[in-house]
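Spelled out from the first residue to the last, the chains are:
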Amino acid sequence: MARVVVDVMLKPEILDPQGKAVHGAFGRLGFDGVADVRQGKRFEITLDGEATEERVAEIRKAADTLLANPVIEDYTLHVEDAQ
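Now for a quick tour of the structure.

About the criteria used
- Residues numbered from 1 in each chain as written.
- Predicted model: local features only at pLDDT ≥ 70, side-chain atom pairs only at ≥ 80, totals over all residues.
- Heavy atoms only, no water.
- Helix = DSSP H or I, 4+ residues; strand = E, 2+ residues; numbered from the N terminus.
- Rg over C-alpha atoms; globule rule 2.2 N^0.38 Å.
- Buried < 20%, exposed > 50% of the residue type's maximum accessible area, 1.4 Å probe, protein only.
- Contact = heavy atoms within 4.5 Å.
- Phe/Tyr/Trp six-rings, centres within 6.5 Å; stacked < 30°, edge-to-face > 60°.
- Lys, Arg positive; Asp, Glu negative; His and termini not counted.
- Salt bridge = Lys/Arg side-chain N within 4 Å of Asp/Glu carboxyl O.
- Polar contact = N/O pair within 3.5 Å; in protein donor to acceptor, adjacent residues only side chain to side chain.
- Core = buried A, V, L, I, M, F, W, Y, C linked by side-chain atoms within 4.5 Å.

1. Describing the overall build of the chain
Thinking step 1. What the chain contains, in helices and strands, is 2 helices and 3 strands.
Thinking step 2. Mapped in sequence order, the helices and strands of the chain form the string β-α-β-α-β.
Thinking step 3. Computed over C-alpha atoms, the radius of gyration of the chain comes to 16 Å, more than 25% over the 12 Å expected from 2.2 N^0.38 for 83 residues, which places it beyond the range of a compact globule.
Thinking step 4. Dimensions of the chain, computed from C-alpha atoms along their principal axes, come out at roughly 45 × 30 × 15 Å.
Thinking step 5. Taking all 83 residues of the chain together, 23% fall into the buried category.
Thinking step 6. A separation threshold of at least 6 residues defines the contact pool for the chain, and within that pool the share at least 24 residues apart is 71%.

2. Some thoughts on the packing of aromatic side chains
To describe a pair of aromatic rings, one takes the distance between the centres and the angle between the planes.
Thinking step 1. Scanning the model with the defined rule gives 1 aromatic pair in all.
Thinking step 2. Ring centres of F26 and F31 lie 5.9 Å apart, and the angle between their planes is 80°; on these two criteria the pair is classed as edge-to-face.
Thinking step 3. The partly exposed category is assigned to F26, whose relative accessible area is 30%.

3. A short note on the side chain of K11
Thinking step 1. Locating K11 in the fold gives a position in the loop between strand 1 (2–10) and helix 1 (17–28).
Thinking step 2. Buried within the structure, K11 lacks any salt-bridge partner; its nearest side chain of opposite charge belongs to D74, at an N-O separation of 4.3 Å.
Thinking step 3. Only 2.9 Å separates the side chain of K11 from the backbone oxygen of P70, close enough to count as a polar contact.
Thinking step 4. When sequence neighbours within four positions are dropped, the list of residues in contact with K11 reads R38, P70, V71, I72, E73 and D74.

4. Regarding the nonpolar core
Thinking step 1. The biggest cluster of nonpolar side chains holds 10 residues, and these are V4, V6, V8, L47, V56, I59, A63, L67, A68 and L77.
Thinking step 2. Those elements giving two or more residues to this core turn out to be strand 1 and helix 2 (53–67).
Thinking step 3. Not counting residues within four places of it along the chain, the set of residues in contact with V8 comprises G40, K41, F43, L67, A68, E73, D74 and Y75.

As structure tokens, then:
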């Protein structure tokens, strides 16, 4: 079994109100030295069997059409061994 991980983040030019709220909470709770916070999404997709090039390409297509909004979000994709 293999796991494909897709991390989705807002593009840098897009405002991140959730990240700003968390950043403010850091200071209010006494956690100093935090310059910025950006919040995103992480998808862990466990495959039956191996992560072949074809299967990873299918997950990449799903990321392009389902998991991320390409207008406002970027994503990274990598394969891990499932545990």
